[in-house]
Amino acid sequence: MTSARIIGQSDVTLWGLTSPARLARQLARVDGVELSPKAPESPAGNALLIRADYLFEPRTLEGLLRRGGVLMDGEVPAAAAVAAAQVEAAQALLRGEASPAATDLPRLGAGDLAAFEGDLRLAAPPLLERITPDRATALEDRLYGASYKGITDFVTKWWWPVPAKAVVRVCADWRISPNAVTLAGLILMLAACWLFLMAGQAPRAEGWLWAGLAPAWLMTFLDTVDGKLARVTVQSSRVGHWLDHGMDILHPPFWYWLWGLSVTPFEPIWGLGFDALLMLTVVGYLAGRIIEGAFHALGSVSLFAWRPFDAYFRLITARRNPCLVILTLCLLAGAPVAGFVLVALWTALSSVVMLVRFGVAVGCRIRSGPLLSWLADPDAALRHPRAHRSFASTRRAYGK
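A brief structural summary. (Residues numbered from 1 in each chain as written. Predicted model: local features only at pLDDT ≥ 70, side-chain atom pairs only at ≥ 80, totals over all residues. Heavy atoms only, no water.)

## Some remarks on the pattern of salt bridges
Then, number 1: The final tally for this structure, using the stated rule, is 14 salt bridges.
Then, number 2: For Arg-130, the salt bridge goes to Asp-53, with nearest N and O atoms at 3.0 Å. Here Asp-53 lies in the loop between strand 5 (46-51) and strand 6 (54-56) and Arg-130 lies in strand 12 (residues 128-130), a separation of 77 residues in the sequence. Residues Arg-130 and Asp-53 agree in their burial class; the two are buried.
Then, number 3: With a closest N to O distance of 2.7 Å, Arg-357 and Asp-310 form a salt bridge. Within this pair, whereas Arg-357 is found in helix 13 (residues 336-368), its partner Asp-310 is found in helix 11 (residues 308-316), the two being separated by 47 residues in sequence. (Salt bridge = Lys/Arg side-chain N within 4 Å of Asp/Glu carboxyl O. Helix = DSSP H or I, 4+ residues; strand = E, 2+ residues; numbered from the N terminus. Buried < 20%, exposed > 50% of the residue type's maximum accessible area, 1.4 Å probe, protein only.)

Structural data, given as structure tokens:
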């Protein structure tokens, strides 16, 4: 067990949290670490010392712990992972009571840690920033940007970052929990289902479809808000994770099915009637999800983070947000049947593309071993400059 201690104090609040409160939440999620005001009692113990006036990400702290026996440098020494015998000397350094030259501890910077973050599919150095009152806004931008996926659909990547940030701000100020936002999204998802169902029973379906699209779009927006709120306020929970991801996976086929029911009967298109199109939608959707899950067995990478092509394809893959765009545009054009047909065909085609990519990946796995993401390559910015600019992070989330 590593004994963690916060050195000093910082009263600057970022997303409603002071630095000591944020660090306490972050450390509670790191296995094998216990926050304690005392040094490790055993001479064989380890200690993690952290200055309160620095901003860290969990992966910064985890990277420091993995290295061990090092001093993390910022503008001044920011943290140290040391053995019990080195605690006093390291504390003196972090408190400014001794010169960094007085220690032989190896130095480590945030840039020395892995930039690729698999869960968020981004490649940006972990956060290590000095906290000062005049930098509070910029640091909140950094935290929000670091919470945003680099590889995702075009709606989430380009449309939602700015408005979602404003709503995250309101939620943080009003102490609204991420789980409360997720539950609001669940209610909106069910409301959209009911309105799409009513469209199939009404003389004029278009009005009900428009009414259903309103909570559907708001639900997709809140699906971005809850995750970002959880990360910037360090409130992620297992219940929230399963509720959020379970809801994301389950509801889209039901929306498409109910939309299709609202526009039946219609003349078969290319010989495909309602039943055939619904089968294409459901089977294609399930196949895509299965392929995406199976891809993780090939290495430390998800399907859409494997190669630049996959990252670009993720922008438009037949997931909920791109499909909602199709349905909305078709309804705007007065062609709700076309929306159902196009969603079915695009879902099937997307899964075919994913299946081909999976086959190629299996071949690479057999020839070369476990797969890695192109973003994990230290030379990715040189090898794929345009793709790296686009997908290493979501720049709009940083206010750029």
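Picking up where we left off.
## Some remarks on the pairing of strand 7 (residues 70-73)
Then, number 1: Across 4 bridges, strand 7 lies against strand 8 (residues 77-83) in antiparallel orientation. Opposite Asp-73, over in strand 8, you have Pro-77 as the bridge partner.
Then, number 2: Sheet analysis places strand 7 next to strand 9 (residues 107-108), joined by 2 bridges and oriented parallel. Residue Leu-71 lies in a different strand from strand 9, and its bridge partner there is Arg-107. (Pairing = 2+ DSSP bridges.)

## Concerning helix 12 (residues 320-332)
Then, number 1: Over its 13 residues, helix 12 extends 18 Å from the first C-alpha to the last, a length consistent with the 18 Å expected when each residue adds 1.5 Å.
Then, number 2: Taking burial as the measure, the 13 residues of helix 12 include 11 buried ones, the bulk of the element.
Then, number 3: Burial in helix 12 covers these residues: Arg-320, Asn-321, Pro-322, Cys-323, Leu-324, Val-325, Ile-326, Leu-327, Thr-328, Cys-330 and Leu-331.
Then, number 4: On the buried face of helix 12, the contacting elements are helix 5 (154-159), helix 8 (205-232), helix 9 (238-262), helix 11 and helix 13. (Expected span 1.5 Å × (residues − 1). Contact = heavy atoms within 4.5 Å.)

## Observations concerning unusual backbone geometry
Then, number 1: Here the amide bond leading from Thr-264 into Pro-265 is cis, since omega sits at -5°, within 30 degrees of zero.
Then, number 2: Within the secondary structure layout, Pro-265 lies in the loop between helix 9 and helix 10 (274-295).
Then, number 3: One non-glycine residue, Trp-15, adopts positive backbone phi at about 55°.
Then, number 4: Relative to the helices and strands, Trp-15 resides in the loop between strand 2 (13-14) and strand 3 (17-18).

## Notes on the side chain of Arg-319
Then, number 1: Mapped onto the elements of the fold, Arg-319 is located in the loop between helix 11 and helix 12.
Then, number 2: In this structure Arg-319 comes out as buried when scored by relative accessible area, which is 8%.
Then, number 3: Reaching out from Arg-319, the side chain makes a polar contact with the side chain of Glu-292 at a distance of 2.5 Å.
Then, number 4: Once you skip the residues sitting within four places of it in the chain, Arg-319 turns out to touch Tyr-256, Gly-288, Arg-289, Glu-292, Phe-304, Arg-314 and Met-354. (Polar contact = N/O pair within 3.5 Å; in protein donor to acceptor, adjacent residues only side chain to side chain.)

## Section: the packing of helix 9 against helix 10
The description of two helices packed together rests on the angle between their axes and the distance between the axes.
Then, number 1: Relative orientation of the contacting elements helix 9 and helix 10 amounts to 170°, with a least axis distance of 10 Å. Judged by the inter-axis angle, helix 9 sits roughly antiparallel to helix 10. The segment helix 9 lies against helix 10, with Asp-248, Ile-249, Pro-252, Pro-253, Tyr-256, Trp-257, Gly-260 and Leu-261 engaging Phe-274, Leu-278, Thr-281, Tyr-285 and Arg-289.
Then, number 2: Grouping the amino acids of the contact of helix 9 with helix 10 by side-chain chemistry returns 9 nonpolar, 2 polar and 2 charged. (Axes fitted to C-alpha atoms, helices over the stretch in contact; angles between N-to-C directions. Parallel < 35°, antiparallel > 145°, perpendicular 65-115°, else oblique. Nonpolar A, V, L, I, M, F, W, Y, C, P; charged D, E, K, R; others polar.)

## So, the side chain of Asp-226
Then, number 1: Here Asp-226 shows up in helix 8.
Then, number 2: One buried charged residue, Asp-226, remains without a salt bridge, the closest side chain of opposite sign being Lys-228 at 6.5 Å.
Then, number 3: The contact partners of Asp-226, leaving out residues within four places of it in the chain, are Pro-178, Val-181, Thr-182 and Asp-244. (Lys, Arg positive; Asp, Glu negative; His and termini not counted.)

## Comments concerning the sheet that holds strand 9
Then, number 1: The 6 strands are arranged 4-1-5-8-7-9 in an open sheet whose pairing can be described as mixed. Two strands lie at the open edges of the sheet, namely strand 4 (33-35) and strand 9, each paired on one side alone.
Then, number 2: Examined bridge by bridge, strand 5 and strand 8 share 5 bridges and lie antiparallel to one another. Among the inter-strand pairings, Leu-49 is bridged to a residue of strand 8, identified as Ala-80.
Then, number 3: The strands touched by helix 2 (residues 58-67) within the sheet are strand 1 (2-7), strand 4, strand 5, strand 7, strand 8 and strand 9, with strand 7 carrying the most contacts at an inclination of about 150°.
Then, number 4: Contacting strand 1, strand 5, strand 7 and strand 8, helix 3 (residues 87-94) runs over the sheet at an angle of about 180° to strand 8.

## Remarks on the environment of Trp-346
Then, number 1: For Trp-346, the location among the structural elements is in helix 13.
Then, number 2: Spatially, the C-alpha atom of Trp-346 lies 8.5 Å from that of Thr-281, the residues being 65 residues apart in sequence.
Then, number 3: Once residues within four sequence positions are removed from consideration, Trp-346 is found in contact with Phe-313, Ile-316, Thr-317, Ala-318 and Ile-326.

## Here we look at the nonpolar core
Then, number 1: In terms of nonpolar packing, the biggest core is built from 88 residues, with Leu-14, Tyr-144, Phe-196, Trp-255, Trp-259, Phe-295 and Leu-371 touching the most fellow members.
Then, number 2: The dominant element in this core, judged by the number of residues it contributes, is helix 8, at 11 residues.
Then, number 3: With residues up to four places along the chain from it excluded, the contact list for Leu-14 reads Arg-22, Leu-55, Ile-131, Ala-136, Leu-139, Glu-140 and Leu-143.
Then, number 4: Val-33, Leu-64, Met-72 and Leu-108 belong to the second-largest nonpolar core, a separate cluster that totals 20 residues. (Core = buried A, V, L, I, M, F, W, Y, C linked by side-chain atoms within 4.5 Å.)

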